[in-house]
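Coordinate inspection notes
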Amino acid sequence: MRLLERMRKEWFMIGIVLAIAGAKLKPSIGVNGGPLKPEITVSYIAVATIFFNSGLSLKTEELTSALVHIKLHLFIQIFTLAFFPATIWLFLQLLSITPINEWLLKGLQTVGCMPPPVSSAVILTKAVGGNEAAAIFNSAFGSFLVSKHGLTCLLLLL
């Protein structure tokens, strides 16, 4: 009975281990074009579900009042899509004179031009008592800007 209680308590970690084991045994299930269709399910359905669930927890008044904070949204988007990637680019210029592998630096540059993960932006803001509605809006808007137009990566590639 103790083992069953422990499994109920650690269900998420057990699920992660099972997912990794399944991916190791049958990796063809998760490839693009495979049965899970990650190019659709991850890109669209998972992100939409996160935003939908986050939106359900908000009052309509909170969401509409968050939309009028133009200065806040402008600051967040500029910081996320311009200041942070530019800072990473400068840091990578310093690292490029060291013997660090060139592909590692390219990977860091790629990660530096990505918006914060949707779940982290919203969940962490909620955890610290921040403006959750503004976090949802900026996370969605920033993801849209980067995925549809590649603005940040364009800045880094220039």
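For the structure, see preceding data.
Residues numbered from 1 in each chain as written. Predicted model: local features only at pLDDT ≥ 70, side-chain atom pairs only at ≥ 80, totals over all residues. Heavy atoms only, no water.

**A short note on unusual backbone geometry**
For the record, the criterion: Relative accessible area decides the class of each residue, using a 1.4 Å probe on protein chains only: under 20% of the type maximum gives buried, over 50% gives exposed, and in between gives partly exposed.
A positive phi angle, close to 50 degrees, is found at Lys37, a residue other than glycine. By relative accessible area, which is 37% here, Lys37 ends up partly exposed.

**Observations regarding the packing of aromatic side chains**
Put simply, the rule is: Planes of paired rings set the category: under 30 degrees apart is stacked, over 60 is edge-to-face and the rest tilted, where pairs are Phe, Tyr or Trp rings (Trp by its six-membered ring) whose centres lie within 6.5 Å. A positively charged side chain is recorded as over a ring if its NZ (Lys) or CZ (Arg) lies within 6 Å of the ring centre. The angle to the ring normal must also be within 35 degrees.
Summed over all chains, the structure comprises 4 aromatic pairs. Considering the side-chain rings of Trp11 and Phe12, the 5.7 Å spacing of their centres and the 80 degrees angle between planes classify their relative orientation as edge-to-face. Seen from the ring of Trp103, Lys106 lies directly overhead, with NZ or CZ sitting 4.4 Å from the centre.

**Side note on helix 5 (residues 70–95)**
Note the following rule: Runs of E in the DSSP output that reach at least two residues are strands. Runs of H or I that reach at least four are helices, and both are numbered from the N terminus. A helix is expected to span 1.5 Å multiplied by its residue count minus one. Bend, at a single residue, is the angle you get between axes fitted to the 7 residues ending at that residue and the 7 residues starting at it.
Look at helix 5: 36 Å from first C-alpha to last across 26 residues, which is about the 38 Å you get at 1.5 Å a residue. In helix 5, a bend of some 40 degrees at Phe79 exceeds every other bend along the element.

**Considering the environment of Leu81**
Its place among the elements puts Leu81 in helix 5. It is 9.9 Å that separates the C-alpha atoms of Leu81 and Pro116, two residues lying 35 residues apart in sequence.

**A look at the environment of Phe79**
Stated precisely, the cut-off is as follows: In this analysis, two residues are considered to be in contact whenever any of their non-hydrogen atoms come within 4.5 Å of each other.
Within the secondary structure, Phe79 is located in helix 5. Phe79 gets classed as partly exposed once you look at its relative accessible area, which sits at 37%. Once residues within four sequence positions are removed from consideration, Phe79 is found in contact with Phe84 and Pro85.

**A short note on the pattern of salt bridges**
As a reminder, the rule being used: A side-chain nitrogen of Lys or Arg and a carboxyl oxygen of Asp or Glu constitute a salt bridge if their distance falls within 4 Å.
Evaluation of the coordinates by the stated rule reveals 1 salt bridge. Its salt-bridge partner being Glu102, residue Lys106 comes within 3.1 Å of it at the nearest N-O pair. Note that Lys106 and Glu102 are positioned in helix 6 (residues 102–112) at a spacing of 4 residues, about one turn of the helix. A relative accessible area of 35% means that Lys106 is categorised as partly exposed. We classify Glu102 as partly exposed; its relative accessible area is 48%.

Honestly, that's just the spatial picture; any functional story needs more than this.
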